[in-house]
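# Geometric and topological summary
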Amino acid sequence: WWIGVFMYYKALQVEDVSIVIPLLFIETIFIAVMAAIFFNEIFTIEKYIGIALIIVGAAALSVRKTKTFVISKGILQVLTASILFGIGTLLIKYLTDYLDFWNIFWYGRIANVIVFPILFLLVHKEFKKVKHNLTVYSGFLVAFTLAFIAGLLYTAALSIGYITLIYGLAAI
């Protein structure tokens with residue numbers, strides 16, 4: 001999952017956010033296919049048409065002003081991130097058969113504490129380039145607080161519902 005986060009941020013460095021975000025949610029299709037295979041989540045044709053519309057929307061938003069779809073380094077990075085996030089989501093859903101919500105959530109946070117310093121060592125040179133001030137620290141605090149709350153709610157939803165539906169709603 002953290003490698004996916006790293007790839008996502010790298011994609012944002014080299015590609016427009018208006019291209020990165022829609023492509024990130026291609027994960028919905030990956031999850032729908034894997035959920036059908038591994039969790040027997042079979043939906044109606046209408047739901048699969050909705051998933052297809054997500055693909056069309058992501059592709060349409062990614063077309064450049066030149067009306068061409070170019071597979072740049074940033075696009076490859078965000079697609080890699082999307083697949084890695086999908087794998088992480090599928091693993092969380094799988095674990096809900098064996099662990100309760102709180103165990104999954106806290107094990108995930110413990111893993112974050114272990115992996116984050118390793119990733120920080122990889123990017124610390126870039127972090128040093130940032131002009132540090134109250135705005136930067138406030139932004140990090142707000143972003144990570146919201147991510148923590150989102151992780152809590154997302155894990156709770158995965159523990160009680162269909163993975164394809166939950167991820168599809170989260171992608172909105």
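This text follows the structure it describes.
In short, a report on the structure. (Residues numbered from 1 in each chain as written. Predicted model: local features only at pLDDT ≥ 70, side-chain atom pairs only at ≥ 80, totals over all residues. Heavy atoms only, no water.)

### A look at the nonpolar core
Let me state the cut-off plainly: Take the buried Ala, Val, Leu, Ile, Met, Phe, Trp, Tyr and Cys residues and link them wherever side-chain atoms come within 4.5 Å; each set so joined is a nonpolar core. Note on classification: 1.4 Å probe, protein chains only; a residue is buried when its accessible area is under 20% of the maximum for its type, exposed when over 50%, partly exposed between these limits. Secondary structure counts use DSSP, requiring at least four H or I residues in a row for a helix and at least two E residues in a row for a strand, with both numbered from the N terminus. Residues count as neighbours in contact if any of their non-hydrogen atoms are within 4.5 Å of one another.
Ranked by size, the top nonpolar core spans twelve residues in total: V5, M7, Y8, A11, I19, V20, L23, L24, I75, V78, A81 and F85. Elements with a contribution of two residues or more to this core: helix 1 (2–14), helix 2 (17–24) and helix 5 (73–95). Not counting residues within four places of it along the chain, the set of residues in contact with V20 comprises Y8, A11, L12, E15 and V78. Counting residues in hydrophobic clusters, the runner-up holds nine residues, among them A35, L158, I166 and Y167.

### Considering unusual backbone geometry
One non-glycine residue, N40, lies in the positive phi region at around 55°. You can see N40 is positioned in the loop between helix 3 (27–38) and helix 4 (45–62). The exposure class of N40 is exposed, given its relative accessible area of 63%.

### Here's the deal with the side chain of S82
Checked against the element boundaries, S82 lands in helix 5. Residue S82 is classed as buried on the basis of its relative accessible area, which comes to 2%. Beyond its immediate stretch of four places on either side in the chain, S82 contacts L23, L24, I26 and E27.

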